[in-house]
Amino acid sequence: MKFVDEYRDGDVAQLLARLIRQEAKPDRNYRLMEFCGGHTHAIFRFGIVDLMPDNVRFIHGPGCPVCVLPAGRIEAAIKLVEENDVILCTYADLMRVPAGKRDSLQKAKARGGDIRMVYSATDALAIAQANREKQVVFFAIGFETTTPPTAAVLKIANAMQLTNFSVFCNHVETPPAMMHILSAGEAKIDGILGPSHVSTIIGSQAYADCCDKYRVPLVIAGFEPLDVIQSVLMLVRQINAGEASVENQYTRAVSKGGNKKAQSLMAEVFEQRPLFEWRGLGVLPESAVQIRSEFADFDAEKRFGMQAIATADIKGCICPAVLRGMNNPDECKLFGTACTPEDPKGACMVSSEGACAAYYSYGRYRAAESKA
Ligand code: SF4
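Residues numbered from 1 in each chain as written. Predicted model: local features only at pLDDT ≥ 70, side-chain atom pairs only at ≥ 80, totals over all residues. Heavy atoms only, no water.

- In the nomenclature of an unreviewed UniProt entry, the protein chain is known as Hydrogenase maturation factor of Mariprofundus aestuarium.

1. A few points about the sheet that holds strand β3 (residues 86–90)
Step number 1: Taken together, four strands build an open sheet; the order of strands is β4-β3-β5-β6 and the sheet is parallel. Looking at strand neighbours, the two that pair on one side only are β4 (115–117) and β6 (165–171), the edges of this open sheet. Strand after strand, the sheet turns through a mean of 25° between neighbouring axes, direction not considered.
Step number 2: Both strand β5 (residues 135–142) and β6 contribute to a ladder of seven bridges, which runs parallel. Of the residues in β6, the one forming a bridge with Phe 138 is Val 167. (Pairing = 2+ DSSP bridges. Helix = DSSP H or I, 4+ residues; strand = E, 2+ residues; numbered from the N terminus. Axes fitted to C-alpha atoms, helices over the stretch in contact; angles between N-to-C directions.)

2. Comments concerning the site of the ligand
Step number 1: Near the ligand you find Cys 317, Ile 318, Cys 319, Cys 332, Leu 334, Phe 335, Cys 339, Lys 345, Gly 346, Met 349 and Cys 356, and these make up its full shell.
Step number 2: Each residue belonging to the shell around the ligand can be placed in one class, and the counts come to nine nonpolar, one polar and one charged. (Near = heavy atom within 4 Å. Nonpolar A, V, L, I, M, F, W, Y, C, P; charged D, E, K, R; others polar.)

3. Here's the deal with helix α9 (residues 174–184)
Step number 1: By the burial criterion, the buried members of α9 are Thr 174, Pro 175, Ala 177, Met 178, Ile 181 and Leu 182. Along the long axis of α9, the arc covered by the buried residues comes to 160°, so they all point the same way. (Buried < 20%, exposed > 50% of the residue type's maximum accessible area, 1.4 Å probe, protein only. Arc of directions from axis to C-beta.)

4. A look at the packing of helix α7 (residues 121–130) against helix α8 (residues 147–160)
Step number 1: Put simply, α7 and α8 touch, their axes get as near as 9 Å, and they point 25° apart. The angle between α7 and α8 falls in the class roughly parallel. Considering the relative orientation of α7 and α8, their crossing is right-handed. Between α7 and α8, the contacting residues are Ala 121, Thr 122, Leu 125 and Gln 129 on the first element and Pro 149, Thr 150, Val 153, Ile 156, Ala 157 and Met 160 on the second.
Step number 2: Here the residues of the contact of α7 with α8 sort into seven nonpolar, three polar and no charged. (Parallel < 35°, antiparallel > 145°, perpendicular 65-115°, else oblique. Left-handed = near helix turned anticlockwise from the far one by under 90°. Contact = heavy atoms within 4.5 Å.)

5. Things to note about the domain arrangement of the protein chain
Step number 1: Per the domain assignment, the segments of the protein chain are domain 1 (10–61 + 174–248), domain 2 (71–173 + 258–304) and domain 3 (318–370).
Step number 2: Contact with domain 1, which involves 17 residues of that partner, is made by 17 residues of domain 3.
Step number 3: The junction of domain 1 with domain 3 conceals about 1400 Å² of combined surface from both sides, 58% of it contributed by carbon and sulfur atoms.
Step number 4: The three residues of domain 1 that bury the most area against domain 3 are His 41, Phe 44 and His 60, which together make up 43% of that side's buried surface.
Step number 5: As a salt-bridge pair, Arg 324 and Glu 186 come within 2.8 Å of each other at their nearest N and O atoms.
Step number 6: The element that contributes the greatest number of residues to the side of domain 1 that touches domain 3 is helix α2 (residues 37–45), accounting for six residues. (Domains from an automatic or database assignment. Buried area = accessible area lost by both parts, 1.4 Å probe. Salt bridge = Lys/Arg side-chain N within 4 Å of Asp/Glu carboxyl O.)

6. Notes on the pattern of salt bridges
Any two side chains of opposite charge can pair if their charged atoms end up close together.
Step number 1: One pass over the full model with this rule turns up 16 salt bridges.
Step number 2: Between Arg 273 and Glu 301 there is a salt bridge, with the nearest N and O atoms lying 3.0 Å from each other. Linking Arg 273 in strand β10 (residues 270–278) with Glu 301 in helix α14 (residues 300–303), this pair joins segments that are 28 residues apart in sequence.
Step number 3: Relative accessible area serves as the criterion here: at 9%, Arg 273 is assigned to the buried category.
Step number 4: By relative accessible area, which is 17% here, Glu 301 ends up buried.

7. Let's talk about the packing of aromatic side chains
Step number 1: For the structure shown, the criterion picks out seven aromatic pairs.
Step number 2: When the centroid spacing of 5.0 Å and the interplanar angle of 45° are considered together, the rings of Phe 139 and Phe 168 count as tilted. Residue Phe 139 is found in strand β5, and its partner Phe 168 is found in strand β6; the two are separated by 29 residues along the sequence. With respect to class, Phe 139 is no different from Phe 168; both count as buried.
Step number 3: Ring geometry for Phe 335 against Tyr 359: centres 6.4 Å apart, planes inclined by 90°, an arrangement best described as edge-to-face. With Phe 335 in the loop between α15 (319–323) and α16 (347–350) and Tyr 359 in helix α17 (residues 355–371), the pair connects residues that are 24 residues apart, well separated along the chain. Assigned by exposure class, Phe 335 and Tyr 359 land together as buried.
Step number 4: Pairwise contacts between aromatic rings join Phe 44, Phe 335, Tyr 359 and Tyr 360 into one cluster.
Step number 5: A cation over an aromatic ring shows up here: Arg 28 above the ring of Tyr 30, its NZ or CZ 5.0 Å from the ring centre.
Step number 6: In this structure, Arg 252 packs its charged tip against the face of Tyr 7, placed 3.8 Å from the ring centre. (Phe/Tyr/Trp six-rings, centres within 6.5 Å; stacked < 30°, edge-to-face > 60°. Lys NZ or Arg CZ within 6 Å of the ring centre and 35° of its normal.)

8. Regarding the sheet that holds strand β1 (residues 30–36)
Step number 1: Ordered by their spatial adjacency, five strands build an open sheet running β2-β1-β7-β8-β9, and the pairing between neighbours is parallel. Both outer strands of the open sheet, β2 (56–63) and β9 (246–248), are each paired with one neighbouring strand and no more. Across the sheet, the mean angle separating the axes of adjacent strands is 25° when strand polarity is ignored.
Step number 2: Its contacts with the sheet put α2 on β1, β2 and β7 (191–194), and the angle it makes with β1 is roughly 120°.
Step number 3: Sheet strands in contact with α9 are β1, β2, β7 and β8 (218–220), and its direction is about 150° off that of β1.

Structure below.
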C-alpha cells in the first residue's frame, strides 16, 4: 500500500523503539500527553504502548471534538429540534453522546425529531437547498481542522442568500486548551505529542507560546505508527537535553505558518468567543469561535434564541478527568461493564477518537493481562 507501508515498517519501528529504550534515563519518568484522540487510537491499535519502556507513559488529552463538547450543548440542540420545526444535521458520533437525563440526539430522533446524519457541512447545505420550506441547522463541532469547511459553507450560504440555513457553532481552538491543561498542572506533563491535522491549519508556530511559557517540549506527530514512535524519540531527546521547543515530525503536511488560505477564511467568518464551556476543562476564555456579526443571519444561536443549558454528566462517568489527563479510562468503574461502545455512558466511549473507545477496542485485554 504505497504511502502507508513506509510508515508501518516493523523493523524500523523496532529500531526506533530500541533507541527510545536506550536513551530514556532509567531514573526519570517521561509522561507524554497525546493531545489528539487520533494518536490515542494509533498508540493502542499498533501496539506502540507495548514498545515503550515502563518509564515512558502516555497520558490521553482532550483532543477529541465529540468528547470535549459538554452535554448542555447537546441538550440545547435537542431542545431546538423539539421546540422548532427544524432539520438538524449532525455527525454520526454526536447522535449517540449521552445528554442530560440519559437523553441523546438519537433518542430525540426516535421521538420524531428530524435529525439527520451528515458527513460534512456541505451535506447540510445540500439538505437546506433541497428543503427550502424548512429551517436547516448544521450542528458544527471540531477543532481548527473542521472550522474552515464550516466557514466556506457559511460564505456560500451568504452568497446564495439561503434564508433557511444556519449553523450551531461549537468550533474550539487547540492552543488555549493546551495552555489551560499546562497551567492547571494536574496531569504533570513532560512532553506533548502535538496534533497533526489541526497543525496543518494553524502551523507549528502556533504552539511556541505553550512551550516557552510552560517549558514543555512539543513534537507535532503524524498518525502512522512510525510517526508516533519517532516523535516519542524526539521528545525523549528534548527532555534529556532540558529543552522545550516545538519540533515538527510531520513535515510532509505541516509547515511553520500553516494554511494561510484556511486561516483567512476562518478569520473572515469567525471571531473569538469570549467564553466557552468544554467538557472536563470548564469554561475557558477565548478558546472557541463564534460567527461574526456580518454572518449573524446564519447563526442558529441568534436565529432561534438558543440558550446554554446546565447539565450534569452521568453519575460515575469520569470523562472530565480522562480529558484532563488525570485518569485512564480503565480506572472508571463503569468501563467495559455498564459503559461499552454499544451502550456508552459518556462521550469518551462514543467517539471514534475517544480515549475510552480506544482502550475498549484495543487495550482492554492488555489491561486485563497486566492485572493478572
Ligand atoms: S468508561 Fe464510560 S463512563 Fe467511564 S469515563 Fe469512559 S465514557 Fe465515561
